[in-house]
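Chain residues, written in single-letter form:
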Amino acid sequence: MTVKISGTGSALPEKTVTNFDMAKLVDTSDEWIRERTGIAERRISTKDTVSTLAAKACQAALENAGASAEEVELIIVATCSPELLLPCCACQVQSIIDAPHAAAFDINAACSGFLFALNTAYAYMNTGLYKNALIVGSEVLSKLVDWSDRSTCVLFGDGAGAAYIQMVDDKDAQCENGRRSGIESIVQGSDGARGAALSCGERGVSNPFAVDSEQPSKYIHMDGQEVYKFATRQVPACISEALDKAGIGASDVDKFVLHQANVRIIESVAKRLKADISKFPMNLDRVGNMSSATIPVLLDELNRSGQLKRGDRLVLSGFGAGLTYGASVIVW
Ligand code: ACO
């Protein structure tokens with residue numbers, strides 16, 4: 001038995017905000033943003049929430065897989081920007097899509113969230129607890145961004161992506177090229193001691209007995225250069241470890257589906273792995289950094305445009321606040 005991605009879906013808000021639009025809000029330019037990040041435009045929600053975007057992505061993933069919400073056994077939403085603290089977003093999604101038989105919960109590993117959710121579901125499914133799962137990354141980061149801070153507001157976008165994964169027997173997983181669909185290796189890690197490099201507050205201690213209760217900032221604060229250094233060192237290291245675990249080299253990989261934060265980070269990772277940049281699909285020019293949603297949205301775009309064939313070997317890799325990081329080798 002193995003766990004296979006049977007369908008993908010995504011949902012983006014309608015409103016496109018270009019770099020030229022951003023230059024009307026803060027002291028920036030299309031040239032600066034493109035050169036430093038690779039981003040040209042992003043989608044910004046005018047009414048969609050994390051749960052409505054997530055639900056739309058899930059419905060599209062189920063349709064893509066030819067499955068019904070009725071049969072879903074597990075829903076994991078990765079998000080760092082839920083509209084409610086209680087109930088969790090996954091339970092809201094369960095209600096919207098009407099999946100009464102699912103267990104549902106959220107995880108927050110920021111931009112590594114989708115990958116951590118996929119790995120969590122995989123581990124559950126390997127115990128025999130569930131036969132399928134909806135894995136979602138959904139974010140409305142626009143509400144966490146300080147729109148007067150040019151160093152962060154130009155980077156992020158809103159959106160959601162989902163994958164429907166199923167336990168299948170070896171015969172169903174067999175691909176024409178001899179490979180077997182499924183997850184070949186997983187590496188994930190965290191460096192909590194460096195968490196201050198990328199943070200966003202919620203509420204500090206607040207009750208009638210609290211003393212010195214300083215409230216944290218509710219906006220994203222990022223030491224961009226620190227995160228950049230972390231990503232360019234940690235991402236190639238964890239991808240190399242995942243490749244070693246799978247017993248393969250970078251040349252055996254068809255596509256590297258990386259978290260879409262910055263084109264320079266992706267180029268640096270490709271260089272360190274000595275892998276051709278053409279194997280690193282990107283969409284950040286159109287959608288910006290959507291944290292946990294970037295990997296599943298990109299996967300869905302590749303899937304729907306026919307750029308993924310059964311038997312293709314992919315590396316999924318994320319990194320972000322925490323600081324968290326991870327890489328998984330999968331066969332599509
Ligand atoms: N427009 C124009 N100038 C700007 C802007 C802007 N939007 N933002 C910053 N600047 C200025 C700065 O003020 C600074 O000016 P100064 O030299 O006069 O002080 C100058 O540009 C250089 O700023 P740096 O921060 O050094 O720029 P850098 O080249 O490091 O690029 C960036 C910044 C794009 C943020 C980069 O550091 C980066 O991509 N870091 C990684 C971020 C990331 O990957 N985050 C992912 C995780 S997200 C998550 O988990 C939610």
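Residues numbered from 1 in each chain as written. Predicted model: local features only at pLDDT ≥ 70, side-chain atom pairs only at ≥ 80, totals over all residues. Heavy atoms only, no water.

## Let's talk about the overall build of the protein
- Helices and strands together make up the secondary structure of the protein, namely 11 helices and 13 strands.
- A globule of 332 residues ought to have a C-alpha radius of gyration of about 20 Å, and the protein, at 19 Å, matches this closely.
- Seen along its three principal axes, the alpha-carbon backbone of the protein occupies a region of about 60 × 45 × 40 Å.
- Restricting the contact set of the protein to residue pairs at least 6 apart, pairs at least 24 apart contribute 76%.
- When the accessible area of the protein is evaluated, it comes to approximately 14,400 Å², of which 49% is carbon and sulfur surface. (Helix = DSSP H or I, 4+ residues; strand = E, 2+ residues; numbered from the N terminus. Rg over C-alpha atoms; globule rule 2.2 N^0.38 Å. Contact = heavy atoms within 4.5 Å. Areas by Shrake-Rupley, 256 points an atom, 1.4 Å probe, with all protein chains shown as cover.)

## Examining the domain arrangement of the protein
- Here the protein is described as being made up of domain 1 (2–173) and domain 2 (182–331).
- Between the C-alpha centres of domain 1 and domain 2 the distance comes to 14 Å.
- Facing the 51 residues of domain 1 at the interface are 48 residues of domain 2.
- Between domain 1 and domain 2 we count 26 residue pairs in polar contact (both at pLDDT 80 or more) in total. (Domains from an automatic or database assignment. Polar contact = N/O pair within 3.5 Å; in protein donor to acceptor, adjacent residues only side chain to side chain.)

## Concerning the nonpolar core
- Counting 46 residues, the largest nonpolar core has I239, L243, F256, L258, V269, F280 and F319 as its most contacted members.
- Of all the secondary structure elements, the ones that give two or more residues to this core are α8 (224–246), β11 (255–258), α9 (263–273), β12 (313–320) and β13 (324–331).
- Examining the composition of this core, we find that 8 residues originate from one element, α8, more than from any other.
- Here this core spans two domains, and each of domain 1 (2–173) and domain 2 (182–331) adds at least three residues to it.
- Setting aside its immediate chain neighbours within four residues, V269 contacts V235, P236, I239, L258 and F280. (Core = buried A, V, L, I, M, F, W, Y, C linked by side-chain atoms within 4.5 Å. Buried < 20%, exposed > 50% of the residue type's maximum accessible area, 1.4 Å probe, protein only.)

## Quick look at the environment of L84
- Along the polypeptide, L84 turns up in the loop between β4 (74–78) and α4 (89–97).
- Taking relative accessible area as the criterion, L84 reaches 35% and is therefore assigned partly exposed.
- Counting along the chain gives 71 residues from L84 to L155, while the straight-line C-alpha distance between them is 24 Å.

## As for the sheet that holds strand β1 (residues 2–11)
- Taken together, 5 strands build an open sheet; the order of strands is β1-β7-β6-β4-β5 and the sheet is mixed. The open sheet has two free edges, formed respectively by β1 and β5 (103–107), since each of these has just one partner strand. Put simply, the sheet's adjacent strands are angled 20° from each other on average, direction ignored.
- Against the sheet, helix α11 (residues 294–304) makes contact with β1, β6 (132–140) and β7 (158–168), and its axis sits at roughly 95° relative to β1, the strand it touches most. (Pairing = 2+ DSSP bridges. Axes fitted to C-alpha atoms, helices over the stretch in contact; angles between N-to-C directions.)

## A short note on the sheet that holds β13
- The sheet built from 4 strands is open, its strands ordered β8-β13-β12-β11 with mixed pairing. Whereas interior strands pair on both sides, the edge strands pair on one side only; in this sheet they are β8 (182–190) and β11. Averaged over all adjacent pairs, the angle separating strand axes in this sheet is 15°, with direction ignored.
- Of the strands in this sheet, β11 and β12 touch α11, which is tilted by about 140° from β11.

## Digging into the site of the ligand
- For the ligand, the set of nearby residues contains 25 residues, the closest of which are T28, R36, C111, Q225 and N262.
- Here T28 contributes a side-chain N or O atom positioned 2.6 Å from a nitrogen atom of the ligand.
- In this structure, R150 approaches the ligand through a main-chain N or O atom, which is 2.9 Å from a nitrogen atom.
- In the complex, the protein chains occlude 75% of the 1,000 Å² of accessible area that the ligand would expose alone.
- Broken down by secondary-structure element, the contributors of at least two residues to the shell around the ligand are α2 (30–37), α6 (150–153), α8, α9 and β12.
- Residue contributions to the shell around the ligand peak at 4 residues, all from α8. (Near = heavy atom within 4 Å.)

## Re α8
- Spanning 23 residues, α8 covers 32 Å between terminal C-alpha atoms, matching the ideal 33 Å at 1.5 Å per step.
- Considered for burial, the residues of α8 that qualify are V227, F230, A231, T232, Q234, V235, P236, C238, I239, A242 and L243.
- Phi turns positive, to about 75°, at G247, one or two residues after α8. (Expected span 1.5 Å × (residues − 1).)

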